[in-house]
Amino acid sequence: MESLGRMVRELCAVPTLLWLALQDKRHLGVMPCGLLIASICLLVSGQFGAVSRQSALGGVMIGAVLMMFAYFSKEAIGMADAVIVLVCGAAFGLLETVMFTFLATLYAGIYSGILLLAKKAGKKSRIPFLPFLFLGYITMRVMERCI
């Protein structure tokens, strides 16, 4: 039964994260109504996983810290990115949220470094982060199956 729950969760979460990634890439942001709909989809998909309340609270704390960073840094990381991390924290728990956020940050850093070296962007250039969250989530799922 757990594998069925995980499959349903992935069938909800992956398209939602992909849609957000495409929106962020195209518009360098996500519309508030789209953010609300995606948040609901992610929270519903999280109900099919076995996440303890403590783990969910820890995951929410990761998103809350990012929201504070977004606010105080004048959105060096976008508020929508932080909201999605917060929602994913509630849906998927602390460990998964830390893992895919770490991978997303790593991928974004590598991409930014390449842009800087190629002189395609400067230090103040903005890049969409949700595509890297999607890539981090997919990488985490693939690693989970391989291990």
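Anything mentioned here points back to the structure above.
Attention here is on the structure that accompanies the text. Predicted model, so just to flag it, every value in this text is computed and none were measured.

Considering the packing of helix α3 (residues 53-72) against helix α4 (residues 79-92)
- Packing of α3 against α4 leaves a shortest axis separation of 6 Å and a crossing angle of 170 degrees. Looking at the two axes, α3 sits roughly antiparallel to α4. Contact residues: α3 offers Ser55, Ala56, Gly59, Val60, Ile62, Gly63, Ala64, Leu66, Met67, Ala70 and Tyr71, while α4 offers Met79, Ala82, Val83, Val85, Leu86, Gly89 and Ala90.
- Partitioning the contact of α3 with α4 into residue classes produces 14 nonpolar, four polar and no charged.

A short note on the environment of Ile62
- Mapped onto the secondary structure, Ile62 falls in helix α3.
- Sequence separation between Ile62 and Gln47 is 15 residues; the distance between their C-alpha atoms is 19 Å.
- In this structure Ile62 touches Val85, Leu94, Thr97 and Val98, once residues within four positions along its chain are discounted.

So, helix α6 (residues 130-146)
- Helix length check: α6, at 17 residues, gives a terminal C-alpha distance of 24 Å against a target of 24 Å (1.5 Å per residue), a fit within 8%.
- Considered for burial, the residues of α6 that qualify are Leu130, Pro131, Phe132, Leu133, Phe134, Gly136, Tyr137, Thr139, Met140 and Arg141.

A word on the nonpolar core
- Counting 31 residues, the largest nonpolar core has Leu17, Leu42, Ile84, Phe92 and Leu133 as its most contacted members.
- Elements with a minimum of two residues in this core: α1 (2-27), α2 (32-46), α3, α4, α5 (94-117) and α6.
- Examining the composition of this core, we find that nine residues originate from one element, α4, more than from any other.
- Not counting residues up to four positions away in its chain, the partners in contact with Ile84 are Leu17, Leu20, Leu35, Ser39, Leu42, Leu130 and Leu133.

Quick notes on the side chain of Thr101
- The topology assignment puts Thr101 in helix α5.
- When its relative accessible area of 11% is taken as the criterion, Thr101 is described as buried.
- There is a polar contact of 2.6 Å between the side chain of Thr101 and the backbone oxygen of Thr97.
- Setting aside its immediate chain neighbours within four residues, Thr101 contacts Leu66, Val85 and Leu133.

Describing the packing of aromatic side chains
- One pass over the full model with this rule turns up four aromatic pairs.
- For the pair Phe100 and Tyr137, a centre-to-centre distance of 5.7 Å together with 85 degrees between the ring planes defines the contact as edge-to-face. One end of the pair, Phe100, is in helix α5; the other, Tyr137, is in helix α6, and 37 residues separate them in sequence.
- We classify Phe100 as buried; its relative accessible area is 1%.
- On the accessibility criterion, Tyr137 (0% relative accessible area) is buried.
- Where Tyr111 meets Phe132, the ring centres are 5.5 Å apart and the plane angle is 50 degrees; that geometry is what we call tilted.

Some thoughts on the pattern of salt bridges
- Using the criterion set out here, one finds five salt bridges in the structure.
- Of the charged contacts, one joins Arg141 and Glu96 as a salt bridge, the two residues approaching to 2.8 Å between their closest N and O atoms. Taken together, the residues span a long stretch of sequence, with Arg141 in helix α6 and Glu96 in helix α5 at a distance of 45 residues.
- Arg141 sits in the buried class, given a relative accessible area of 5%.
- What makes Glu96 buried here is its relative accessible area of 13%.
- Put simply, Glu144 and Arg141 hold a salt bridge, and the shortest N to O gap is 3.0 Å. In this pair, Glu144 and Arg141 both sit in helix α6, three residues apart, roughly one turn of the helix.
- Glu144 gets classed as partly exposed once you look at its relative accessible area, which sits at 32%.
- Three or more residues joined by partner-sharing salt bridges are found here, namely Arg9, Glu10, Glu96, Arg141 and Glu144.

Basis of the calculations
Residues numbered from 1 in each chain as written. Predicted model: local features only at pLDDT ≥ 70, side-chain atom pairs only at ≥ 80, totals over all residues. Heavy atoms only, no water. Axes fitted to C-alpha atoms, helices over the stretch in contact; angles between N-to-C directions. Helix = DSSP H or I, 4+ residues; strand = E, 2+ residues; numbered from the N terminus. Parallel < 35°, antiparallel > 145°, perpendicular 65-115°, else oblique. Contact = heavy atoms within 4.5 Å. Nonpolar A, V, L, I, M, F, W, Y, C, P; charged D, E, K, R; others polar. Expected span 1.5 Å × (residues − 1). Buried < 20%, exposed > 50% of the residue type's maximum accessible area, 1.4 Å probe, protein only. Core = buried A, V, L, I, M, F, W, Y, C linked by side-chain atoms within 4.5 Å. Polar contact = N/O pair within 3.5 Å; in protein donor to acceptor, adjacent residues only side chain to side chain. Phe/Tyr/Trp six-rings, centres within 6.5 Å; stacked < 30°, edge-to-face > 60°. Salt bridge = Lys/Arg side-chain N within 4 Å of Asp/Glu carboxyl O.

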